[in-house]
Amino acid sequence: MIAQASVKDSYRPPYGVTNSPETILRFPFPFPEDSYMYSMNVEPHVRGGPVVAMQNTFDIDEHYVAECTEKARILAEDPRRCIVMPHMREAEWDFVELAMETLSEQYPDYFALMRDGANWHWTNRLLGLEQAFVFGDAETLPHPPFEYMARQMQGDFTLHDQREDDLWMDGGMVTAQADWSLKFDLGMSFRQWHAPVPKAAELGVFDRGLRFLLMLQHGKPVRRLNWTMTINPRLDTSPENYLVWGADRASVTPDNALDKVHLRVELQTLYRLPRSHAILFSIRCYLLPLRDIVRVPKWGRRLHRVLGALDPALSSYKGLDLYRPTVVSVLSRYDDGAELTPGI
Ligand code: HEM
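Residues numbered from 1 in each chain as written. Predicted model: local features only at pLDDT ≥ 70, side-chain atom pairs only at ≥ 80, totals over all residues. Heavy atoms only, no water.

**What about the pattern of salt bridges?**
Next, step 1: One pass over the full model with this rule turns up 24 salt bridges.
Next, step 2: The shortest N-O distance in the salt bridge between E92 and R89 comes to 2.3 Å. With E92 and R89 both in helix α3 (residues 89-106) and three residues apart, the pair spans about one turn of that helix.
Next, step 3: Overall, the relative accessible area of 2% leaves E92 in the buried class.
Next, step 4: Three or more residues are tied together by salt bridges with common partners; here these are D78, R81, K183, D236 and E240. (Salt bridge = Lys/Arg side-chain N within 4 Å of Asp/Glu carboxyl O. Helix = DSSP H or I, 4+ residues; strand = E, 2+ residues; numbered from the N terminus. Buried < 20%, exposed > 50% of the residue type's maximum accessible area, 1.4 Å probe, protein only.)

If you want it as structure tokens, here you go:
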């Protein structure tokens, strides 16, 4: 399933990312209806279901090696994309355990974990890593425990301490974010880091979301989808690098839109960690160019309708204003007006 050739993918100029037909079909298309508004779209993260990308605890796909390589480059350029506050040490080990256990159980061809008491041996065949270490002893790993594991996983991760009936962003590794910054949000509460989002607070989404997460139980993870759009297959659309990618939004034309404009979907999963009682938030990013989206006719039609009717406040917050009219006009060629049944 994991094509080693994808290590050639490039998430920065000169861009070059290709998606196999299998990868296109496992894309977590986020629109069950012809219109979109923020909602409390949280459901149990159970294995199975219609979207292949949701079938494992942490999803690994053909871009695994290329994404881990890009993550390592970003961390080398800016080591503070990974920060964990000292009181989150126990949560770091909780994360290592959850990741190693689930990856080795669900992808035995790629990962293996052997345990003898606290003496663990981890094998990552995709990245060519072998590591013997003592669980709970950070000195026995080449990086701090959270960083060691997060470097070997696609997507971003944040760690949240729960106290005073709130969640606090007290750690994370964030290298592929949709224009927000861990450095800026570090130490903030749930409502504070969500403050830039329009409409959702008035709709009660954050009050309900926080109440729900405060009661999240170990062993019962949940998931939700979020989406935006990105020009070029660029993972790192961070505020830190805005000067590098921001101007790309002005480069979209009717001729290049299908290749340049990507639907960016985040499969977000949340886990209660057993010893620390912290919450792990995982953001797994999928980028698919419009050219691949329209290969699935119902997706092309639906995206055209969602973008055409998008609330101006959401369009502006997501940074789509400069190119949304062009994209809607291009996608209109793929929408014959046929009625679509609810669901993806
Ligand atoms: C946006 C983090 C849970 C709904 C965001 C942003 C961050 C974030 C960093 C970007 C804010 C910015 O513009 O600076 C998190 C974390 C969560 C979490 C760490 C869990 C610990 C939730 C939940 C919901 C939610 C449970 C809803 C039930 C939203 C919405 C947006 C958002 C609607 C706007 C997204 C967009 O339009 O692109 N979140 N979030 N979040 N979050 Fe969360």
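Next comes the rest of the account.
**Some details on the sheet that holds strand β3 (residues 111-116)**
Next, step 1: The strand order across the open sheet built from three strands is β3-β4-β5, with neighbouring strands paired in antiparallel fashion. Of all the strands in the sheet, the pair left with one neighbour each is β3 and β5 (129-134). With strand direction ignored, the average angle separating the axes of adjacent strands in the sheet is 10°.
Next, step 2: Pairing geometry for β3 and strand β4 (residues 119-124), over six bridges, is antiparallel. Along β4, the bridge assignment pairs A112 with T123.
Next, step 3: Its contacts with the sheet put α3 on β3, β4 and β5, and the angle it makes with β3 is roughly 120°. (Pairing = 2+ DSSP bridges. Axes fitted to C-alpha atoms, helices over the stretch in contact; angles between N-to-C directions. Contact = heavy atoms within 4.5 Å.)

**Observations concerning the coordination of the iron atom of the ligand**
Next, step 1: Counting protein donors to the iron atom of the ligand gives just one, H194 (NE2), placed at 2.0 Å.
Next, step 2: Structurally, H194 is set in the loop between α6 (190-193) and α7 (205-214). (Donors = N, O, S within 2.8 Å, 3.2 Å for Na, K, Ca; no water.)

**Structural notes on the packing of aromatic side chains**
Next, step 1: Under the criterion given, the structure shown has 23 aromatic pairs.
Next, step 2: Judged by centre distance (6.1 Å) and plane angle (80°), the ring pair of F190 and F206 falls under edge-to-face. Placement of F190 in helix α6 and of F206 in helix α7 is noted, with a sequence separation of 16 residues between them.
Next, step 3: Members of the aromatic cluster, joined through ring pairs, are F27, F29, F31, Y36, Y38, W227 and W299.
Next, step 4: Sitting over the face of the ring of W120, R115 holds its NZ or CZ atom 4.8 Å from the ring centroid.
Next, step 5: Here the basic side chain of K318 rests over the ring of W227, its NZ or CZ set 4.3 Å away from the ring centre. (Phe/Tyr/Trp six-rings, centres within 6.5 Å; stacked < 30°, edge-to-face > 60°. Lys NZ or Arg CZ within 6 Å of the ring centre and 35° of its normal.)

**What to know about the sheet that holds strand β1 (residues 43-44)**
Next, step 1: Strand order in the open sheet formed by seven strands is β1-β8-β9-β10-β6-β7-β2, and the pairing between neighbours is antiparallel. In the strand order of this sheet, the two ends are held by β1 and β2 (82-84), each with one partner.
Next, step 2: Where β2 and strand β7 (residues 166-173) come together, three bridges link them in antiparallel fashion. Along β7, the bridge assignment pairs C82 with M173.
Next, step 3: In the packing of α7 onto the sheet, the strands contacted are β6 (156-163), β7, β8 (222-231), β9 (261-272) and β10 (279-289), and the crossing angle to β7 comes to about 80°.

Distances and angles like these do not, on their own, reveal function.
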